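A closer look at the structure
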Amino acid sequence: MKLVMEAIIKRGIERSMSYKTYRDLVRQLAEDNANTGIEKTEAYANLTKLNDRRMKRWDKTIEVSKVAKKRIANFNHKVTWLVITESWCGDAAHVIPALNKVAELNANITLRLVLRDVNPELMNAFLTDGNKAVPKLIMIDDETGDVIATYGPRPSEAENYVKRFKAKHGALTLDFKEDLQYWYNDNKGQNVIDDITQLLGHMQSTACL
């Protein structure tokens, strides 16, 4: 089983791209009125355009606090962050720029992105409650090749927000999804940064035991 997982991870990394390449891809798709994924629809193309604007804004405006920078700098294990995504995913447009901000602050972290629909084996190995939810971050130890943690598809506060709504109403409504975008806009990537720095700190302390 471990060998199978290692092979799936290896193929995912081989097919992956840098953050810059991903941003260039989404930007071009937005210009071409297109989208990644198996389904090519006007709705997904429009979401890709919106997400390109979102990521452009977050690339410029997300800030990392001094406390978070110190925690990030203390992480001294070489890891690859392999993120499964698609251009049309609203959560991804908010989460991935924040992940990139963290990765940029530590040379031990290599951020790579891979598309969901053309990597079904990888996606199926990292489902969320049985769903192909993205973005999904897979943290891989570069020395051993082991998966040491996963994260996503949403930051902790947003995920709790979603779970409470689903428990009460059964499914997410269009109004709720719009409210969730307002939450992302107000939070400015800070919940993602907090979640990730806590996770890095936990991995660091565990490795030292």
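The structure displayed is predicted, hence computed values, not measured ones.

This paragraph deals with the side chain of Lys136. If you trace the backbone, Lys136 turns up in strand 3 (residues 136-141). For Lys136, the side chain forms a polar contact with the side chain of Thr128, separated by 2.9 Å. In this structure Lys136 touches Leu82, Val83, Ile84, Phe126, Leu127, Thr128, Thr150, Tyr151 and Gly152, once residues within four positions along its chain are discounted.

Okay, the packing of aromatic side chains next. For the structure on display, the rule yields 4 aromatic pairs. Cluster of aromatic residues (ring-pair linked, three or more members): Tyr161, Phe165 and Phe176. Over the ring of Trp58 we find Arg57, and its NZ or CZ is 4.6 Å from the ring centre.

Before going further, it helps to spend a moment on the pairing of strand 2 (residues 109-115). For strand 2, the buried fraction is high: 5 of the 7 residues fall into the buried class. Taken together, strand 1 (residues 79-85), helix 5 (residues 90-104) and strand 2 form a β-α-β motif whose crossover is right-handed.

Let us now look at the packing of helix 5 against helix 8 (residues 174-187). It is at 11 Å that the axes of helix 5 and helix 8 come closest, and there the two elements cross at 10°. Put simply, helix 5 runs roughly parallel to helix 8. Contact residues: helix 5 offers Asp91, His94 and Val95, while helix 8 offers Leu180, Gln181, Tyr184 and Asn185.

Under the criterion given, the structure shown has 9 salt bridges. In this structure, Glu121 and Arg11 form a salt bridge, with 2.7 Å as the shortest nitrogen-oxygen distance. Of the two residues, Glu121 sits in helix 6 (residues 120-125) while Arg11 sits in helix 1 (residues 2-14), which places them 110 residues apart along the sequence. By relative accessible area, which is 47% here, Glu121 ends up partly exposed.

This next bit is on the nonpolar core. With 55 residues, the main nonpolar core has Trp81, Leu122 and Ile196 as its most contacted residues. Considering each element in turn, this core owes the most residues, 8 residues, to helix 5. Residue contacts for Leu122: discarding those within four places in its chain leaves Ile8, Ile9, Gly12, Leu82, Ile84, Val114 and Ile138.

This part is about the sheet that holds strand 4 (residues 147-151). Sheet strands line up and pair through hydrogen bonds in the backbone, either parallel or antiparallel. Strand order in the open sheet formed by 4 strands is 2-1-3-4, with mixed pairing between adjacent strands. Looking along the sheet, the strands with just one partner apiece sit at the ends: strand 2 and strand 4. Adjacent strand axes in the sheet meet at a mean angle of 20° when their direction is disregarded. Alignment of strand 1 against strand 3, held across 6 bridges, turns out to be antiparallel. The partner of Val79 across the bridge, within strand 3, is Asp141.

Calculation rules
- Residues numbered from 1 in each chain as written.
- Predicted model: local features only at pLDDT ≥ 70, side-chain atom pairs only at ≥ 80, totals over all residues.
- Heavy atoms only, no water.
- Helix = DSSP H or I, 4+ residues; strand = E, 2+ residues; numbered from the N terminus.
- Polar contact = N/O pair within 3.5 Å; in protein donor to acceptor, adjacent residues only side chain to side chain.
- Contact = heavy atoms within 4.5 Å.
- Phe/Tyr/Trp six-rings, centres within 6.5 Å; stacked < 30°, edge-to-face > 60°.
- Lys NZ or Arg CZ within 6 Å of the ring centre and 35° of its normal.
- Buried < 20%, exposed > 50% of the residue type's maximum accessible area, 1.4 Å probe, protein only.
- Right-handed = clockwise from strand over helix to strand, strands pointing away.
- Axes fitted to C-alpha atoms, helices over the stretch in contact; angles between N-to-C directions.
- Parallel < 35°, antiparallel > 145°, perpendicular 65-115°, else oblique.
- Salt bridge = Lys/Arg side-chain N within 4 Å of Asp/Glu carboxyl O.
- Core = buried A, V, L, I, M, F, W, Y, C linked by side-chain atoms within 4.5 Å.
- Pairing = 2+ DSSP bridges.

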